[in-house]
Amino acid sequence: MITNYTLSNFRKLPEITKEELVKLQFSDVDVLSEVEDIRVRRTNIDKAIAMANSEKYRTYIILKAGEALYKIEAKVLSIRENLVSTKEGMKIPISFIYSVDFI
């Protein structure tokens, strides 16, 4: 039985730049607490890696800093040592990633 579930529309979130990303303050604690949410995040990161060269779809990484959500467009290349590496040169800790969205 689901007692607390929220569906978010990430497409309406304002997009941030790489420069704005480095100014955000993130927690040391993973933004996700449910095992199933963490599994889905990892699956979507793997999907983003597979779609990195797609011209048809864009990938957005949804980040949580404090109580706010932010999105940044990125082409995900790999995961190493709990960091997501992007074609744009970013290395984002997986624990900061709230979701991955495809448009």
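A short tour of the structure in this document, coming up. (Residues numbered from 1 in each chain as written. Predicted model: local features only at pLDDT ≥ 70, side-chain atom pairs only at ≥ 80, totals over all residues. Heavy atoms only, no water.)

**Examining the packing of aromatic side chains**
Each aromatic ring pair is specified by the distance between its two centres and by the angle formed by the two planes.
Item 1. For the structure shown, the criterion picks out 2 aromatic pairs.
Item 2. With centroids separated by 4.2 Å and ring planes inclined at 10°, the aromatic side chains of Phe-26 and Phe-96 adopt a geometry described as stacked. Of this pair, Phe-26 sits in the loop between α1 (18-21) and α2 (35-50) while Phe-96 sits in the loop between β5 (91-93) and β6 (97-102), and the two are 70 residues apart along the sequence.
Item 3. Given the relative accessible area of 18%, Phe-96 is considered buried.
Item 4. Note that Lys-47 overlies the ring of Phe-102, its terminal NZ or CZ placed 4.6 Å from the centroid.
Item 5. The ring of Tyr-60 is capped by Lys-71, whose NZ or CZ atom sits 4.7 Å from the centre of that ring. (Phe/Tyr/Trp six-rings, centres within 6.5 Å; stacked < 30°, edge-to-face > 60°. Helix = DSSP H or I, 4+ residues; strand = E, 2+ residues; numbered from the N terminus. Buried < 20%, exposed > 50% of the residue type's maximum accessible area, 1.4 Å probe, protein only. Lys NZ or Arg CZ within 6 Å of the ring centre and 35° of its normal.)

**Some details on the pairing of strand β1 (residues 59-65)**
Item 1. With 6 of 7 residues buried, β1 lies mostly within the body of the structure.
Item 2. Here β1 pairs with β6 via 5 bridges, running antiparallel. Note that in β6 the partner of Ile-62 across the bridge is Ser-99.
Item 3. Pairing of β1 with strand β2 (residues 68-73) involves 6 bridges; the strand directions are antiparallel. Across the sheet, Lys-64 pairs through a bridge with Leu-69, a residue of β2.
Item 4. Taken together, β1 and the strand that follows it, β2, pair antiparallel across an intervening segment of 2 residues, in which Gly-66 is found at a positive phi of about 65°. (Pairing = 2+ DSSP bridges.)

**Considering the nonpolar core**
Item 1. Counting residues in hydrophobic clusters, the biggest one holds 20 residues, and the most contacted among them are Leu-21, Ile-61, Leu-63, Ile-92 and Ile-97.
Item 2. If you list the elements that add at least two residues to this core, you get α2, β1 and β6.
Item 3. Among all residues touching Leu-21, those that are not within four sequence positions of it are Ile-16, Phe-26, Leu-63, Ile-72, Met-90 and Ile-92. (Core = buried A, V, L, I, M, F, W, Y, C linked by side-chain atoms within 4.5 Å. Contact = heavy atoms within 4.5 Å.)

**A word on the pattern of salt bridges**
Close approach of charged atoms allows side chains of opposite charge to pair.
Item 1. On inspection of all chains with the given rule, the structure shows 4 salt bridges.
Item 2. In this structure, Arg-42 engages Asp-46 in a salt bridge whose closest nitrogen and oxygen atoms are separated by 3.4 Å. Residue Arg-42 and its partner Asp-46 are both found in helix α2; the two are separated by 4 residues, about one turn of the helix.
Item 3. A salt bridge links Glu-73 to Arg-58; the nearest nitrogen and oxygen atoms lie 3.9 Å apart. With Glu-73 in strand β2 and Arg-58 in the loop between α2 and β1, this residue pair connects regions lying 15 residues apart in the sequence.
Item 4. Residue classification places Glu-73 among the partly exposed residues on the basis of a relative accessible area of 32%. (Salt bridge = Lys/Arg side-chain N within 4 Å of Asp/Glu carboxyl O.)

**Thoughts on the sheet that holds β2**
Item 1. A sheet is described by the order of its strands in space; here 3 strands give the open sequence β2-β1-β6, paired in antiparallel fashion. Two strands close off the open sheet at either side, each with one partner strand: β2 and β6. On average, each strand axis in the sheet is inclined to that of its neighbour by 25°, with strand direction left out of account.
Item 2. Strands β1 and β6 of the sheet are contacted by α2, whose axis makes an angle of about 45° with β6. (Axes fitted to C-alpha atoms, helices over the stretch in contact; angles between N-to-C directions.)

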